[in-house]
Number of protein chains: 2
Amino acid sequence: MFDVIKKDLEVLEQELRKAVASEHELVNEVGTHIVTSGGKRLRPALCLLAARGGKDFDLQRILPLAVSLELIHTASLVHDDVIDESGTRRGEATANAKWGNQVAILSGDYIFARAFSLIASAGYSNRVSLRLAELVCNLSVGEIIQDNAVYQASKGYEDYYCRIQKKTADFLEICCDLGAEVGGLAPEEGKQLAEYGHCIGMAFQITDDLLDILQTEETMGKPAGNDIRQGIVTLPVIRALEVSPEAEVLRDIVTNPEMTAADVERALAIVKATDGIDVAKEKADEYLERAKATLPASLPEEVKEAYVMVADFIGDRDY
Amino acid sequence: MFDVIKKDLEVLEQELRKAVASEHELVNEVGTHIVTSGGKRLRPALCLLAARGGKDFDLQRILPLAVSLELIHTASLVHDDVIDESGTRRGEATANAKWGNQVAILSGDYIFARAFSLIASAGYSNRVSLRLAELVCNLSVGEIIQDNAVYQASKGYEDYYCRIQKKTADFLEICCDLGAEVGGLAPEEGKQLAEYGHCIGMAFQITDDLLDILQTEETMGKPAGNDIRQGIVTLPVIRALEVSPEAEVLRDIVTNPEMTAADVERALAIVKATDGIDVAKEKADEYLERAKATLPASLPEEVKEAYVMVADFIGDRDY
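Residues numbered from 1 in each chain as written. Chains lettered and ligands numbered in written order. Predicted model: local features only at pLDDT ≥ 70, side-chain atom pairs only at ≥ 80, totals over all residues. Heavy atoms only, no water.

### Brief notes about the overall build of chain A
Check the secondary structure of chain A and you find 15 helices and two strands. The C-alpha atoms of chain A give 20 Å as radius of gyration, which agrees with the globular expectation for 319 residues (20 Å, within 12%). The principal-axis extent of the C-alpha atoms belonging to chain A is close to 60 × 50 × 35 Å. Taking all 319 residues of chain A together, the buried fraction comes to 56%. Accessible surface for chain A amounts to roughly 13100 Å². Of this, 46% is attributable to carbon and sulfur atoms. If you average the places of the 33 positive and of the 54 negative side-chain charges in chain A, the two averages end up 3 Å apart. (Helix = DSSP H or I, 4+ residues; strand = E, 2+ residues; numbered from the N terminus. Rg over C-alpha atoms; globule rule 2.2 N^0.38 Å. Buried < 20%, exposed > 50% of the residue type's maximum accessible area, 1.4 Å probe, protein only. Areas by Shrake-Rupley, 256 points an atom, 1.4 Å probe, with all protein chains shown as cover. Lys, Arg positive; Asp, Glu negative; His and termini not counted. Charge placed at Lys NZ, Arg CZ, Asp CG, Glu CD.)

Below you can see the structure in the form of structure tokens.
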């Protein structure tokens, strides 16, 4: 998918390992495990593509930023796994499962700090450091809010869009925005790429939430309805709460922390009987169209193609 | 103790609250609780004093740094409390006890990130950002190593000094160093103040470790020998392992994760029967003398006096 940055991404892998390397064996082992456990590298890819759009692309100049974006993402997943007591992620044992909460919490802190250390060493503008620090603030705050507003079906569309923006879209926006800045794109192009990042981020999260409803245990390795079980209402459920003749039954289930597996099945059936799925698909498509339409005309053709492919990939994820 | 920066510290309190303020009620409540639960403000005080040594002291210029130093310290305590499952700190309920691990972990991340956001906004040199990021790396790595080398009495003096440097002395050094830089002191004065910070940090931790051996449950609200119980050997114990006729008994106890309360008592008695306590006190005094001797002659008298008082305070802590 990323021919134009294929080699850049290979270098990135090495730099990620270097970034968490430590003279202390355990720290080194944990850090390496964490940064090499899967990961699609979507965030650094978006950043590298933006920089490739600039006239004087300089891989060494952009690398610390691309690496930091992945480190921040990874550190936040490490802490999420502690919080959710997850045993596996992307088929690999989580840091908390392998080394306990103590090592996982401190390793997450270490990786966050390594990201800020790389950024400071690179000598980017203060705007770069500031946006990254605010990103981490917003990711943390967004999760505190989400986790403390569970089992409350009263939240509507606005709350949902606000939530997925904080959780996903802001991050992808920043990858494009800062990649464009460091890559030396014109401010107007940077704004357009930032808008692209926002839109594919919104589409990505809507799609992710849809998959949680449509997946089968066979395809995904985990049962459907995870969000409902955790008290998180997503777009199709919000729609169903609005239009379903069984809205009250659905509301009773999704607001009940003691819901049974049968309740989850029932809730899924109620949602699927409405147009909730279609509404969500349409919304994701709308965002992806907007994303593609906003790509600066001045981008090199192969960069533009790659960005279009990213958008199409998000739209094509297997329902 | 801090007459010369008394008013600065009052402003600092307000700024600390502002730094963690959030439009989200829960985040605001947690953040405020965390930054207002005790805390001697030693780190910002050291930073403010250094800056007060400069010719053109500017409180507004130094405040973001002073606030960030306290935020980083606080965030790391919040994560420590999650790891240690502590219910109280400085007589107040910990964040994990009040709101659970999830909120505490994410609030710690939020507060770390707020510190880096303040630093980026202030537009200090890259060296300031870099040293702070590396500080957080080292604090995390130091704790991973310490917590994974417990119940190993084989570690000697060198390991101990290295450990307390990472845990405490580097932090106090950085407070003085960066305060001097932002305050506009000459590089030579900055180096001397950094050395002062290092020395009082070493003395502070040696004293803290001593208190853990000498305290009684009445004076400190917790039983003595906490470090031994957790498998952490400190200076008096290392000395006793070297000189006590009962060194082997002591070694067997401190390397046994299953040690009983009676074992801890026995270990304390063995340590107290040696000159381990005196050796540690002498070492702390040596560091404090070195700290005072290294203070730049050019400092304003009231700043110098305050720095001397800090050193004396550390030396006078109640054994």
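### Focus on the environment of alanine 293 of chain A
All names here are of chain A. Mapped onto the secondary structure, alanine 293 falls in helix H14 (residues 276-293). Taking relative accessible area as the criterion, alanine 293 reaches 68% and is therefore assigned exposed. It is 13 Å that separates the C-alpha atoms of alanine 293 and valine 310, two residues lying 17 residues apart in sequence.

### Re the nonpolar core
Counting residues in each nonpolar core, the largest one holds 223 residues, and the members touching the most others are Leu65, Leu132 and Tyr307 of chain A together with Leu65, Leu132 and Tyr307 of chain B. Excluding its chain neighbours within four sequence positions, the residues that come into contact with tyrosine 307 of chain A are Leu46, Leu49, Ala50, Cys176, Leu193, Tyr196, Leu295 and Leu299 of chain A. (Core = buried A, V, L, I, M, F, W, Y, C linked by side-chain atoms within 4.5 Å. Contact = heavy atoms within 4.5 Å.)

### Here's the deal with the relation of the copies chain A and chain B
Expressed as a screw operation, the relation of chain A to chain B combines 0.0 Å of axial shift with a rotation of 180°, fitting to an RMSD of 0.0 Å. One copy is carried onto the other by what is essentially a two-fold rotation axis. Here 100% of the interface residues in chain A have copies in chain B that are interface residues too; the copies meet face to matching face. (Least-squares fit on C-alpha atoms with pLDDT ≥ 70 in both.)

### Observations regarding the pattern of salt bridges
Tallied over the entire structure, the rule returns 36 salt bridges over all chains. Arginine 239 of chain A serves as the salt-bridge partner of glutamate 242 of chain A, at 3.3 Å between the closest nitrogen and oxygen. Taken as a pair, glutamate 242 of chain A and arginine 239 of chain A lie in helix H11 (residues 235-243) at a separation of three residues, close to a single helical turn. One salt bridge in this structure joins aspartate 81 of chain B and arginine 89 of chain B, with 2.9 Å as the shortest N-O distance. For arginine 89 of chain B, a relative accessible area of 28% puts it in the partly exposed group. Overlapping salt bridges, with partners in common, bring together Arg127, Arg131, Asp177 and Glu181 of chain A in one network. (Salt bridge = Lys/Arg side-chain N within 4 Å of Asp/Glu carboxyl O.)

### Focus on the packing of aromatic side chains
The tally for this structure, following the rule as stated, stands at five aromatic pairs over all chains. Sitting over the face of the ring of phenylalanine 171 of chain A, arginine 43 of chain A holds its NZ or CZ atom 4.8 Å from the ring centroid. (Phe/Tyr/Trp six-rings, centres within 6.5 Å; stacked < 30°, edge-to-face > 60°. Lys NZ or Arg CZ within 6 Å of the ring centre and 35° of its normal.)

### Some words on unusual backbone geometry
The phi angle at arginine 90 of chain A is positive, at roughly 50°, despite the residue not being glycine. A relative accessible area of 41% means that arginine 90 of chain A is categorised as partly exposed. One non-glycine residue with positive phi stands out, namely glutamate 85 of chain B, at about 50°. Of note, glutamate 85 of chain B is situated in the loop between helix H4 (59-84) and strand S1 (88-89).

### Considering the packing of helix H7 (residues 157-183) of chain B against helix H8 (residues 187-214) of chain B
Residue and element names in this part refer to chain B. It is at 7 Å that the axes of H7 and H8 come closest, and there the two elements cross at 140°. One element, H7, and the other, H8, form an angle in the oblique class. Of the two elements, H7 crosses H8, and the hand of that crossing is right-handed. Across the contact of H7 with H8, the residue classes tally to 14 nonpolar, seven polar and four charged. (Axes fitted to C-alpha atoms, helices over the stretch in contact; angles between N-to-C directions. Parallel < 35°, antiparallel > 145°, perpendicular 65-115°, else oblique. Left-handed = near helix turned anticlockwise from the far one by under 90°. Nonpolar A, V, L, I, M, F, W, Y, C, P; charged D, E, K, R; others polar.)

### Here's the deal with the environment of lysine 283 of chain B
All names here are of chain B. Residue placement: lysine 283 occurs in helix H14 (residues 276-293). According to the relative accessible area criterion, lysine 283 is partly exposed, its value standing at 22%. Along the primary structure lysine 283 and lysine 167 are separated by 116 residues, whereas in three dimensions their C-alpha atoms are 17 Å apart. Aside from chain neighbours lying at most four places away, what touches lysine 283 is Tyr161, Ile206 and Leu235.

### Considerations on the interface of chain A and chain B
Accessible area lost during the coming together of the parts is what is often quoted as the interface size. Tallying the contact residues gives 36 residues for chain A and 36 residues for chain B. Counting the surface chain A buries against chain B, the share from its top three residues, Gln102, Leu106 and Ile144 of chain A, is 18%. At the junction of chain A with chain B, the criterion picks out zero salt bridges. The tally of links between chain A and chain B comes to four residue pairs in polar contact (both at pLDDT 80 or more). At 14 residues, helix H5 (residues 95-122) of chain A tops the list of elements feeding residues into the side of chain A that touches chain B. Grouping the constituent residues of the side of chain A that touches chain B by class yields 19 nonpolar, eleven polar and six charged. (Buried area = accessible area lost by both parts, 1.4 Å probe. Polar contact = N/O pair within 3.5 Å; in protein donor to acceptor, adjacent residues only side chain to side chain.)

### Some thoughts on the side chain of threonine 274 of chain B
All names here are of chain B. Along the polypeptide, threonine 274 turns up in the loop between helix H13 (261-272) and H14. In terms of polar contacts, threonine 274 uses its side chain to reach the backbone carbonyl oxygen of valine 271, at 2.7 Å. Setting aside chain neighbours within four positions, we find threonine 274 in contact with Ala240, Val243 and Ser244.

### Examining the confidence of the model for chain A
Confidence in the prediction of chain A, expressed as mean pLDDT, is 93, and 97% of residues score 70 or more. As a predicted assembly, this complex carries a pTM of 0.94 together with an ipTM value of 0.93. (pLDDT = per-residue confidence, 0-100.)

### What about the environment of arginine 317 of chain B?
Residue and element names in this part refer to chain B. For arginine 317, the position within the fold is in the segment after helix H15 (301-315). Judged by its relative accessible area of 17%, arginine 317 is buried. Placed 129 residues apart in sequence, arginine 317 and glutamate 188 show a C-alpha to C-alpha distance of 31 Å. Beyond its immediate stretch of four places on either side in the chain, arginine 317 contacts Phe204, Thr207, Asp208 and Leu211.

### Overview of the packing of H5 of chain A against helix H5 (residues 95-122) of chain B
Between H5 of chain A and H5 of chain B, the least distance of the axes is 12 Å, while the angle of their chain directions is 20°. Taken together, the axes of H5 of chain A and H5 of chain B are roughly parallel relative to one another. Note on packing geometry: the crossing formed by H5 of chain A with H5 of chain B is right-handed. Between H5 of chain A, through Ile105, Asp109, Phe112 and Phe116 of chain A, and H5 of chain B, the contact on the second element is made entirely by Ile105, Asp109, Phe112 and Phe116 of chain B.

### Brief notes about helix H7 (residues 157-183) of chain A
All names here are of chain A. The largest bend in H7 comes to about 50°, at glutamine 165. When you tally the buried positions in H7, you get 20 out of 27 residues, the bulk of the element. One or two residues past the end of H7 sits glycine 184, with phi positive at roughly 85°. (Bend = angle between axes of the 7 residues up to and from the residue.)

### A short note on the state of the cysteines
On inspection of all chains with the given rule, the structure shows zero disulfides over all chains. Just so you know, cysteine 47 of chain A is unpaired, no disulfide at all, and the nearest cysteine sulfur is the one on cysteine 175 of chain A, 6.7 Å from it. On the accessibility criterion, cysteine 47 of chain A (0% relative accessible area) is buried. Looking at the unpaired cysteine 162 of chain B, the closest cysteine sulfur is the one in cysteine 137 of chain B, lying at 16 Å. Judged by its relative accessible area of 42%, cysteine 162 of chain B is partly exposed. (Disulfide = S-S within 2.5 Å.)

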